[in-house]
Amino acid sequence: MSAQKRIKNALVSVFHKEGLDEILSKLHKEGVEFYSTGGTQAFIESLGIPCRYVETLTGYPSILGGRVKTLHPKVFGGILNRRDHEGDREQIRQYEIPEIDLVIVDLYPFRETVEAGANEEDIIEKIDIGGISLIRAAAKNFQDVVIVASKNQYEAFNNLLTEKGATSTLEDRKWFAKEAFAVSSGYDTAIFNYFDGGEGSYFRQAQDKANHLRYGENPHQKGVFYGNLDQLFEQLQGKEISYNNLLDISSAIDLISEFDELTFAVLKHNNACGIASRSTVKEAWEAALAGDPVSAFGGVLICNAKIDKAAAEEITKIFFEVIIAPAYDEEALKILKEKKNRIILAQKDCHCGLDPQFRSLLNGVLAQDKDTSIQTAGDLTIVTNKVSTKQEIEDLLFANKLVKNTKSNAIILAKNKQLCASGVGQTSRVDALKQAIEKAQSFGFDLNGAVMASDAFFPFPDCVEIAHEAGITAVIQPGGSIKDNLSIEYCNNNDVSMVTTGIRHFKH
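Quantities reported herein were computed from a predicted structural model and do not represent experimental measurements. (Residues numbered from 1 in each chain as written. Predicted model: local features only at pLDDT ≥ 70, side-chain atom pairs only at ≥ 80, totals over all residues. Heavy atoms only, no water.)

Engineer: Explanation requested: the pairing of strand β12 (residues 271-277) in the structure shown.
Structural biologist: The side chains of a regular strand alternate between both faces of the sheet. Of all 7 residues that make up β12, 7 are buried, and the element is covered over most of its length. As defined by bridge partners, strand β11 (residues 263-268) adjoins β12 across 6 bridges and the pair is classed as antiparallel. By the bridge assignment, Phe-264 is partnered in β12 with Ala-276. The antiparallel pairing of β11 with β12 creates a hairpin that spans 2 residues between the two strands, and His-269 there sits at a positive phi of about 50°. (Buried < 20%, exposed > 50% of the residue type's maximum accessible area, 1.4 Å probe, protein only. Helix = DSSP H or I, 4+ residues; strand = E, 2+ residues; numbered from the N terminus. Pairing = 2+ DSSP bridges.)

Engineer: Teacher, can you tell me more about the pattern of salt bridges here?
Structural biologist: For side chains of opposite charge, pairing can occur when their charged atoms come near one another. Enumeration over the complete set of coordinates arrives at 25 salt bridges. When the shortest N-O distance is used, the salt bridge between Glu-90 and Arg-93 registers 3.0 Å. One end of the pair, Glu-90, and the other, Arg-93, are both in helix α5 (residues 86-94), 3 residues apart, so they sit about a helical turn from each other. Under the relative-accessibility criterion, Glu-90 is labelled partly exposed at 40%. (Salt bridge = Lys/Arg side-chain N within 4 Å of Asp/Glu carboxyl O.)

Engineer: Quick question: what am I supposed to make of the state of the cysteines here?
Structural biologist: In a disulfide, the sulfur atoms of two cysteines are covalently bonded to one another. Applying the stated rule across the entire model yields 0 disulfides. Cys-303 carries a free sulfur, and the closest cysteine sulfur to it, the one in Cys-273, is 15 Å from it. (Disulfide = S-S within 2.5 Å.)

Engineer: Explain the layout of surface pockets here, please?
Structural biologist: Empty space among the atoms becomes visible once a probe the size of a water molecule is rolled across them. Space inside the second largest pocket adds up to approximately 600 Å³. What lines the second largest pocket is a set of 29 residues, among which Gly-66, Lys-69, Tyr-108, Asp-128 and Gly-131 lie closest to the centre. At the level of secondary structure, the elements contributing two or more residues to the lining of the second largest pocket comprise α2 (38-46), α7 (120-125) and α8 (130-140). Counted by class, the lining of the second largest pocket contains 12 nonpolar, 10 polar and 7 charged residues. (1 Å grid on protein atoms, 1.4 Å probe; cavity = no way out; pocket = protein on both sides within 12 Å on 5 of 7 lines; lining within 4 Å. Points joined across faces, edges and corners; volume = space filled by probe spheres on them. Nonpolar A, V, L, I, M, F, W, Y, C, P; charged D, E, K, R; others polar.)

Engineer: In this structure, what is going on with the sheet that holds strand β3 (residues 33-36)? I would like to understand it.
Structural biologist: Strands in a sheet are paired, the pairing made by backbone hydrogen bonds, and the direction either parallel or antiparallel. The 5 strands lie next to each other as β4-β3-β2-β5-β6, forming an open sheet whose pairing is parallel. Among the strands making up the open sheet, the edge pair consists of β4 (52-53) and β6 (146-148). Across 2 bridges, the pairing between β3 and β4 is parallel. When the bridges of β4 are listed, Tyr-35 appears paired with Arg-52. The strands touched by α8 are β2 (9-13), β5 (102-105) and β6; relative to β5, the strand with the most contacts, the crossing angle is about 150°. (Contact = heavy atoms within 4.5 Å. Axes fitted to C-alpha atoms, helices over the stretch in contact; angles between N-to-C directions.)

Engineer: Looking at this structure, how should I read a nonpolar patch on the surface?
Structural biologist: Among the surface-exposed residues, Phe-203, Phe-358 and Val-365 lie close enough to one another that they form a single nonpolar patch of about 240 Å² accessible area. One can find Phe-358 in strand β16 (residues 357-361). (Patch = residues over 30% accessible without salt bridge, like charges linked within 9 Å, V, L, I, M, F, W, Y side chains within 5 Å. Areas by Shrake-Rupley, 256 points an atom, 1.4 Å probe, with all protein chains shown as cover.)

Engineer: Before we go on, may I ask you to explain helix α18 (residues 484-493) in this structure?
Structural biologist: The periodicity of an α-helix, 3.6 residues per turn, causes residues three or four positions apart to be oriented the same way. Buried within α18 are the following residues: Asp-484, Ser-487, Ile-488, Tyr-490 and Cys-491. Down the axis of α18, the smallest arc covering the buried residues is 160°, so these residues share one side. Trailing α18 by a residue or two, Asp-495 shows a phi angle of about 60°, which is positive. (Arc of directions from axis to C-beta.)

Engineer: Could you clarify how one ought to interpret the sheet that holds strand β20 (residues 419-423) in this entry?
Structural biologist: Ordered by their spatial adjacency, 6 strands build an open sheet running β18-β23-β22-β21-β19-β20, and the pairing between neighbours is mixed. Of all strands in the sheet, those bounded by a partner on one side alone are β18 (381-382) and β20. Bridging between β18 and strand β23 (residues 497-500) involves 2 bridges; their strand directions are antiparallel. Within the sheet, the bridge partner assigned to Ile-382 lies in β23 and is Val-499. Contacting β19 (411-414), β20 and β21 (451-454), helix α16 (residues 429-442) crosses the sheet at an angle of about 145° to β20.

Engineer: Just checking my understanding: could you explain the environment of Ala-310 for this structure?
Structural biologist: Among the secondary structure elements, Ala-310 is positioned in helix α13 (residues 309-315). Taking C-alpha positions, Ala-310 is 7.7 Å from Ala-332, a pair spaced 22 residues apart along the chain.

Engineer: What am I meant to see in the packing of aromatic side chains here?
Structural biologist: When we look at a pair of aromatic rings, we describe it by the centre distance and by the angle of the planes. Considering all chains together, one arrives at 10 aromatic pairs under this definition. Between Phe-157 and Phe-176, the aromatic rings sit 6.0 Å apart at their centres with planes inclined by 85°, giving edge-to-face as the arrangement. Of the two residues, Phe-157 is situated in helix α9 (residues 154-164) and Phe-176 in helix α10 (residues 170-196); the sequence distance between them amounts to 19 residues. Taking the relative accessible area as the measure of exposure, Phe-157 reaches 1% and is therefore buried. You can call Phe-176 buried: its relative accessible area is 3%. When the ring of Tyr-194 is compared with that of Phe-195, the centres are 5.4 Å apart and the planes differ by 85°; the resulting orientation is edge-to-face. Residue Tyr-194 is classed as partly exposed on the basis of its relative accessible area of 24%. For Phe-195, a relative accessible area of 53% corresponds to the exposed category. (Phe/Tyr/Trp six-rings, centres within 6.5 Å; stacked < 30°, edge-to-face > 60°.)

Shown next, in the form of structure tokens:
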């Protein structure tokens, strides 16, 4: 251990006081003297611990409605002076500045105020000036000063006091400085994004929680998820969630959020291999599984309704990695827990996804708005002589939701609100369609009366011709090709209905 320093004086000014009493008591027993402001000073004294007002140090009261309290050379000189620098030591003696060896401070709740929908005046008042300055000053001078910049660091600092008393090493102080700069950078990011107002002038994002995964996409790659999964799920059982699990879980959540009626989906490699809407969970599961019982092995399962015993008894018959639902019956949970490694997640009612979406590529970051557009019957334009039946319209809308959440180029074949097959991630739309037809037929689906959805327009009539020959009777697509008339003409000549949406749903 190197460069040990003893804490003699501490400046404490915080909003969050839970857990602070034990820290203060330990410091007091070690002979540490305290400086503080306002409510924190009163809190310290309520513990029977002597505390000096910062005003007695600065000679100035809190002014401008509390905007200026600690911004003074006697405070920042006490923090920033270099203990091994003779010039600094001479000046603090000259100006009677006490050395401050520990700063415990937190910041006004700016992000929370914005999220609560406060007016601009209240939001601006929550931009912390003194606190952020104290954090940066103490963290900069980590050679001599310990900075505790958030209630999230109380536990670590308390453990340090238990282990070492009011003494820290350089390694300790540098770790707390690193944590402090994470706090300050995240805070400034929130402020910038508020002022930016979604214009995207600069790319600034910050996530406070790092979840180190076993590995990344492959075992030789490191993987970290930055974010708070506890906001989204309660993990009821299972092993640690992996990088690839998270990709599938994200795709599953995006897909199931499109559906209001009871729906069950099975995903593999970020795409649905089975999905169906039915009146019971058991029926929805059985219809979803029928879409591709081979690919379902080792998949991620998701349902937007409570899993009951009848469904669980069928679900447990196959091997799967993850199951997600808003709730589980007690008996259903007991059945699903029989395999200990199964990841069982209870999804919370939290709409906290990131928008815009972004990914790193080349030497920068690509950002876009999330595709939240989904079409209803009122958004459809009938472009053929034949009008789709009520059942076909329901199936077309079902298929359109699914194709939106499928890797491009994508074709979906559906019937009676059940996925018959999909063509996924093909370089040719014709290849995607042929893949879907072959797959549907291999699992015994009768495509007569089924519908087709495409994520983008048809540049030629070949797709509608192949689909019609396979039994497809209705088509949904964005439209917009300069040769739309060729596909429409083929449909009119062969008693196939077609609707367009005007919205492309590429997904790469």
